[in-house]
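# Fold and contact review
The residues making up each chain are set out below.
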Amino acid sequence: MEKERKDTKISLKDVKSLKKSPLYRCYRRMRRLVRRRRKTVMAVSVCALAACCMLLIVWALVSALSAKQVRTQVETVENVEGEPFDVIYPLQENAYPQVNDLIGRYYAAMQEGDSQTLTGLRDNTENAELLRIQENSSHIEAYTDISCYTKPGMDADSLVVFARYEVKFQGSDTTLPGIDPLYVRKNADGTYYLHDLSGDEAAAAYVNEVAAQEDVAELYAQVNEEYAARLAQDEDLAAYLESYQNDMVVAVGEALEVQATEAESAQETESTQEGESVSRTDDGQEAEDGASVSSEGSGSPSGGQDGSSVPDSGSYTVSDTLNIRSSASETADRIATCYPGESLEILMKQADGWTRVRYQGQTGYIRSDVLR
């Protein structure tokens, strides 16, 4: 008992000594200050609590937005079925030096009519197309100022190329702008080559879809406007182009007829029936596009209407049945048929003898000489 009292006395002494300490005196002063300024302290406390609440709300909103952004990024890559969404890539100018080199060599071979080089740069080039290129080369002096505008292709290591150039015809000082849609793929060794769209319906349809995108359509419109303006200033060149396209069709038709006759004669020794089948196939191919081989060989224009009346762009009502092809080739797939009295939209008259058109929502090509 006495020990407990002794401990208590010691504790009281400790308390008294604590009250005399500087820390305790500071505590007392703060307490008196809080009592005197109770309202101010409460206001400050409320403001601090409100600030903490605002910080928590902001943090929650930022976290929610971040999570939503991540989900959005994932959804733009693939949908619930795992199929990639369509992404419109910007048009790039001269972004691939190897492609520029390929296209440059391609147009050099086009100008020279070098069929051996052309077959090395392209795959599946049809004989009729090579004949057309060779005949076309006799009218063209040079392709210059070639630029390559590209967008990604259907699969990896492929590109859609819109080759813009200036073409100079023999005997004319005026150059004309042109643009050709091309499809480029990469070989196993890393080199690029031109893929022939005439035998690939899916690739041709894809190129047409890309060509309909806004930035590509603007590029076509610029070329078309410049083309029309220069022809309007050079009537001699306009007349020459009309004549040259008809002459080219006649020459190609005659060459095809000679080849068909030679092939028929060679095969008659093996089978008369096979020779007749080849003849019908070769003759029918030209007739599909509005002008038979025999009519082309006569030297008269295939269209009953003067070609100069066909506008360079805009809506036009046709007077004959016309086949619309997926690409600028007689062997390309027929995607539509335009009948007399129907209208189509002329997008671009090309220097290679084809006209790019839009019909019933589809973009395709018609031989310029049969557009009437």
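From a predicted model like this one, the values you see are computed outputs, not experimental measurements. (Residues numbered from 1 in each chain as written. Predicted model: local features only at pLDDT ≥ 70, side-chain atom pairs only at ≥ 80, totals over all residues. Heavy atoms only, no water.)

### Some thoughts on the overall build of the protein
Selection rule: Comment: elements are numbered from the N terminus, with helices defined as DSSP H or I runs of at least four residues and strands as E runs of at least two. Using a 1.4 Å probe on the protein chains alone, a residue whose accessible area is under 20% of its type maximum counts as buried, one over 50% counts as exposed, and one in between counts as partly exposed. The contact criterion used throughout is that any non-hydrogen atoms of two residues lie within 4.5 Å. For accessible areas, the Shrake-Rupley method is used with a probe of radius 1.4 Å. Any residue's cover is judged against the shown protein chains and nothing else.
When helices and strands are tallied, the protein shows 11 helices and 12 strands. Per-residue burial for the protein yields a buried fraction of 37% across its 372 residues. For the protein, the proportion of contacts with a sequence separation of at least 24, taken over those separated by at least 6, is 61%. Counting every atom, the protein has about 21400 Å² of accessible surface; 53% of that belongs to carbon and sulfur.

### Describing the packing of aromatic side chains
So the rule is basically this: Note on aromatic pairs: the rings of Phe, Tyr and Trp (six-membered ring only in Trp) are paired at centre separations within 6.5 Å, and the planes decide the class, stacked below 30 degrees, edge-to-face beyond 60, tilted for the rest.
Scanning all chains against the criterion turns up six aromatic pairs. For the ring pair tyrosine 107 and tyrosine 143, a centre distance of 5.0 Å and an interplane angle of 50° mean the geometry is tilted. Separated by 36 residues along the polypeptide, tyrosine 107 in helix H4 (residues 97-112) and tyrosine 143 in strand S3 (residues 140-152) bring together distant segments of the chain. Given the relative accessible area of 1%, tyrosine 107 is considered buried. Relative to tyrosine 165, the ring of tyrosine 107 lies with its centre 5.0 Å away and its plane at 45°, an arrangement referred to as tilted. Separated by 58 residues along the polypeptide, tyrosine 107 in helix H4 and tyrosine 165 in strand S4 (residues 158-169) bring together distant segments of the chain. Here tyrosine 107 and tyrosine 165 have matching classes, each one buried.

### Overview of the nonpolar core
For the record, the criterion: For the purposes of this section, nonpolar cores are sets of buried Ala, Val, Leu, Ile, Met, Phe, Trp, Tyr and Cys residues that join through side-chain atoms within 4.5 Å.
Core analysis: the biggest nonpolar cluster contains 49 residues, and Ile103, Tyr107 and Phe162 have the highest contact counts within it. Sorting elements by how many residues they give to this core places S4 first, with eight residues. Setting aside its immediate chain neighbours within four residues, isoleucine 103 contacts Ile146, Cys148, Val161, Ala163, Leu182 and Leu194.

### Examining the side chain of asparagine 323
Let me state the cut-off plainly: Side-chain atoms alone can form a polar contact between residues adjacent in sequence; in general such a contact is a pair of N or O atoms within 3.5 Å, and within protein one must be able to donate a hydrogen while the other accepts it.
Position of asparagine 323 relative to the elements: it lies in strand S8 (residues 322-325). Taking relative accessible area as the criterion, asparagine 323 reaches 8% and is therefore assigned buried. Looking at asparagine 323, its side chain comes within polar contact range of the side chain of arginine 334, at 3.4 Å.

### A few points about the pattern of salt bridges
To be explicit about the condition: Put simply, a salt bridge is a Lys or Arg side-chain nitrogen that is within 4 Å of an Asp or Glu carboxyl oxygen.
The full count for this structure, using the stated rule, is 12 salt bridges. In this structure, the salt-bridge partner of glutamate 141 is lysine 168, at a minimum N-O distance of 3.1 Å. Placement of the pair is glutamate 141 in strand S3 and lysine 168 in strand S4, with a sequence separation of 27 residues. Arginine 164 is paired through a salt bridge with glutamate 226; the nearest N and O atoms lie 3.3 Å apart.

### Let's talk about the sheet that holds S4
Note the cut-off: Two strands are counted as paired when DSSP detects at least two bridges linking them.
The strand order S1-S3-S4-S5-S6-S2 describes an open sheet built from six strands, whose pairing is mixed. On the outer flanks of this sheet lie strand S1 (92-93) and strand S2 (122-123), each paired with one strand and no other. Relative to S4, S3 is paired through 10 bridges, and the arrangement is antiparallel. Bridged to serine 147 within S4 is arginine 164.

### What to know about helix H7 (residues 201-211)
Selection criterion: By arc we mean the arc of the directions from the helix axis to the C-beta atoms, nothing more.
When we look at burial in H7, the residues that qualify are Ala203, Ala204, Val207, Asn208, Val210 and Ala211. Buried residues of H7 fall within an arc of 160° about the axis and therefore sit on the same side. Exposed residues lying more than 90 degrees from the buried face of H7 are Glu201 and Glu209. By the N-cap criterion, in which a side-chain oxygen at the helix start approaches the backbone nitrogen of a residue two or three places on, H7 is capped by aspartate 200, the distance to alanine 202 being 3.4 Å.

### Quick word on unusual backbone geometry
In the Ramachandran plot, aspartate 145 falls in the positive-phi region, its phi being about 50° despite a non-glycine side chain. Mapped onto the elements, aspartate 145 comes out in strand S3.

### What about the environment of alanine 211?
Positionally, alanine 211 belongs in helix H7. When the C-alpha atoms of alanine 211 and valine 160 are compared, they prove to be 9.1 Å apart, with 51 residues separating the residues in sequence. If we skip the residues at most four places from it in the chain, alanine 211 touches Phe162, Val216, Ala217, Tyr220 and Arg356.

### Notes on the pairing of strand S6 (residues 192-195)
Sheet topology note: the S2/S6 ladder contains two bridges and is parallel. The partner of arginine 122 across the bridge, within S6, is leucine 194. The pairing of strand S5 (residues 175-186) with S6 spans four bridges and is antiparallel. Residue pairing for S6: lysine 186 is matched across the bridge by tyrosine 192. Adjacent in sequence and paired antiparallel, S5 and S6 are bridged by five residues, among which glycine 190 carries a positive phi angle near 95°.

### Digging into the confidence of the model for the protein
Put simply, the rule reads: The predictor attaches a confidence to each residue, and that confidence, scored 0 to 100, is pLDDT.
This prediction gives the protein a mean pLDDT of 74; 63% of its residues lie at or above 70. Confidence over residues 290-308 falls short of pLDDT 50; this stretch has 36 contacts with residues more than four positions distant or in other chains.

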